[in-house]
Amino acid sequence: MPGIPELLAADADVPFENCTLATALAERMRTHRDELTHRWLDRISARVKMDPNRIFPTDALLDHVPLLILGIADYIENPERVILSDVPVVAKAMELGALRFAQGFDEYELLKEYEIFGGILFSFLSRVVDEIDEPCSRGELLSCAHRLFLAVALIQQATLTHYLSLVKDRLNEREQRLRGFNRALSHELRNLIGTISGAAEILELGTFSPEQQRTMTSMIVRNSANMKVTLENLVELSRMDEDARQSRHIALPQAAAEVARQLRESARAHGVEIRLPSDLPSIAVSAAAFELCLSNLIANAIKYSDQSKDKRWVEVRASNAVSDDGLPETVIEVRDNGIGVPEARRAELFSRFFRAHEDSNSEIEGTGLGLSIVRDTVTALGGRAWADFHDDGTAFFFTMPHRRAEDDASARRPDAKPSEPATESADRTAEGSVR
């Protein structure tokens, strides 16, 4: 199958180099480039259900399209001006690929975007061609249409090639992270199992005092619990790839109370009070995702509580808000008066397995996975996570999009099918943090 270069070569052999119709059509495109741009913008925003201001977040990016139209017009008028040799046009096409990658468009949406773009240009030329009083053969008319097709294909090629290169880079990065994740996790579980096994073997000897036996038993219980939490987090994280609409939903106050119940004994052992206000908004949240995130944050606050303080607490707050995209969301805050995070190490908090106090306080146990799992979980659902640091502790936040009314109605119908996920949620960037 011939590629773009071969098609260009074939087109160059068509004997219509001085076609006056091509010149006239190109001039019409140049004159109406802004109108064509806004028509294309309206079509794309209607298709992907995005605010037009998010399709092109800045005027500079919106200016890409008129420049692309100018490049197409030049090519229709003179095919010897190959688009791929026009650095500004190619650069804008590549920037469009980078923008769509950042916004979370998939390959199909990107191809569909150019299909719509080409259709708008072809419809425009089909309308204005009858208004042009220039001698033209049928062969010349077909040649103009062929040039339009090739010009759009070339620009699409530049955009898609850059988009796919970014996808490849991300996949390579994730593969490397996954390998490191597996190595670190295997090492952590091996240590936990080794500790449990060693303590059990010592107990089996039966030559120690009751106090020493209680110490060994406590070590077994504590490390078993740590291993269980780690494995449960991994199981829950693996479920985040499932459609959120298919997960079980529960009222937020009920879910928060369940998490507090699960962590009650741990909080009591550390002298930490878990505070749940009575005015938590009664909205539906994904049970698995919400409880996973909240339990990791509260457990972290308990683990890093400040033993020098008479009163140690962790408080959960929640409020309804509107995201930057204009969509309803719930903001959950978990605030504590613990030992906080050293300022010099905050830049590393996004890393998995990073533990802020492992150098200064090695007695605090954990894998360093908890808050990175919070970040990955809420990102998968279209939310974000971040932290604020205070003199008397830390406040962690995460957001979850509201379950929409139409989704609730759809979920109640036994014959309902999941609706197509909106594209806008895919480009939400998480500002996660790990303690």
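Residues numbered from 1 in each chain as written. Predicted model: local features only at pLDDT ≥ 70, side-chain atom pairs only at ≥ 80, totals over all residues. Heavy atoms only, no water.

### Remarks on the overall build of the chain
Test applied: Numbering goes from the N terminus for both helices and strands, where a helix is a DSSP run of H or I of at least four residues and a strand is a run of E of at least two. Partly exposed describes any residue whose relative accessible area lies between the buried limit of under 20% and the exposed limit of over 50%, with all areas from a 1.4 Å probe on protein chains only and scaled to the type maximum. We call two residues in contact whenever any of their non-hydrogen atoms come within 4.5 Å of each other.
When helices and strands are tallied, the chain shows 15 helices and seven strands. For the chain, buried positions account for 44% of its 435 residues. Taking all contacts inside the chain whose residues are at least 6 apart in sequence as the whole, residues at least 24 apart take part in 76%.

### Digging into the pattern of salt bridges
We apply this condition: We define a salt bridge as a contact between a side-chain nitrogen of Lys or Arg and a carboxyl oxygen of Asp or Glu at a distance within 4 Å.
Counted by the stated rule, this structure contains 15 salt bridges. In this structure, Arg268 and Glu265 form a salt bridge, with 3.3 Å as the shortest nitrogen-oxygen distance. Separated by three residues within a single helix, Arg268 and Glu265 lie in helix H12 (residues 264–270), roughly one turn from each other. The shortest N-O distance in the salt bridge between Glu333 and Arg317 comes to 3.9 Å. Of the two residues, Glu333 sits in strand S5 (residues 328–336) while Arg317 sits in strand S4 (residues 312–322), which places them 16 residues apart along the sequence. On the basis of relative accessibility, which here comes to 10%, the residue Glu333 falls in the buried class. Taking relative accessible area as the criterion, Arg317 reaches 35% and is therefore assigned partly exposed. Residues participating in the shared-partner salt-bridge network are Glu27, Arg30, Asp74 and Glu77.

### Comments concerning the packing of helix H2 (residues 20–31) against helix H6 (residues 64–77)
Stated formally: Every angle, taken between N-to-C directions, lies between 0 and 180 degrees, and every axis is a line fitted to C-alpha atoms, over only the stretch in contact when it is a helix. When an angle is under 35 degrees it counts as roughly parallel; over 145 it counts as roughly antiparallel; between 65 and 115 it counts as roughly perpendicular; any other value is oblique. Residues are grouped as follows: nonpolar covers Ala, Val, Leu, Ile, Met, Phe, Trp, Tyr, Cys and Pro; charged covers Asp, Glu, Lys and Arg; every other residue, Gly included, is treated as polar.
As a packed pair, H2 and H6 sit with axes 8 Å apart at the nearest point and diverge in direction by 170°. Overall, the two elements H2 and H6 adopt an arrangement that is roughly antiparallel. Counted together, Ala22, Thr23, Ala26, Met29 and Arg30 of H2 and Ile69, Leu70, Ile72, Ala73, Asp74, Ile76 and Glu77 of H6 form the full contact between these two elements. Class assignment for the residues of the contact of H2 with H6 results in eight nonpolar, one polar and three charged.

### Let's talk about the packing of helix H13 (residues 287–303) against helix H14 (residues 370–380)
Using the following cut-off: Crossing handedness follows the turn of the near helix against the far one: under a right angle anticlockwise gives a left-handed crossing, and clockwise gives a right-handed one.
At a minimum axis separation of 9 Å, H13 and H14 run at an interaxial angle of 155°. Between H13 and H14, the angle falls in the class roughly antiparallel. In the packing of H13 onto H14, the handedness of the crossing is left-handed. Every residue of H14 that contacts H13 at Ala289, Leu292, Cys293, Asn296, Leu297 and Asn300 is listed here: Gly370, Leu371, Ile373, Val374, Thr377 and Val378.

### A word on H2
Here is the rule we go by: How far a helix is expected to stretch is found by multiplying one less than its residue total by 1.5 Å.
Look at H2: 17 Å from first C-alpha to last across twelve residues, which is about the 16 Å you get at 1.5 Å a residue. Residues Leu21, Ala22, Ala24, Leu25, Ala26, Met29 and Arg30 constitute the buried set of H2.

### A short note on the environment of Gln213
With respect to the secondary-structure elements, Gln213 resides in helix H10 (residues 210–238). Each C-alpha atom of the pair Gln213 and Leu203 lies 6.5 Å from the other, and the pair is ten residues apart in sequence.

### A short note on the sheet that holds strand S6 (residues 385–390)
What counts, and what does not: Two strands pair if DSSP finds at least two bridges between them.
The strand order across the open sheet formed by five strands is S2-S4-S5-S7-S6, and the pairing between neighbours is mixed. A single partner strand is all that each edge strand has here, and the edge strands are strand S2 (272–275) and S6. Mean inter-strand twist for the sheet, computed between neighbouring axes without regard to direction, equals 20°. With four bridges connecting them, S2 and S4 associate as parallel partners. In the strand pairing of S4, Arg275 is matched with Glu315. With respect to the sheet, H13 is in contact with S2, S4, S5 and strand S7 (393–401), its orientation differing from that of S7 by roughly 180°.

### A few points about a nonpolar patch on the surface
Cut-off, in case you're wondering: For patch detection, residues must exceed 30% relative accessible area and be free of salt bridges, and they are connected within 9 Å for like charges or within 5 Å for nonpolar side chains (Val, Leu, Ile, Met, Phe, Trp, Tyr). Note that accessible areas follow from Shrake-Rupley with a 1.4 Å probe, and for residues the cover is restricted to the protein chains shown.
Taken together, Ile202, Leu205 and Phe208 make up a surface patch of nonpolar side chains, about 260 Å² in accessible area. Since its relative accessible area comes to 34%, Phe208 is described here as partly exposed.

It is worth stressing that arrangement in space is one thing and function is another; only the former is reported here.
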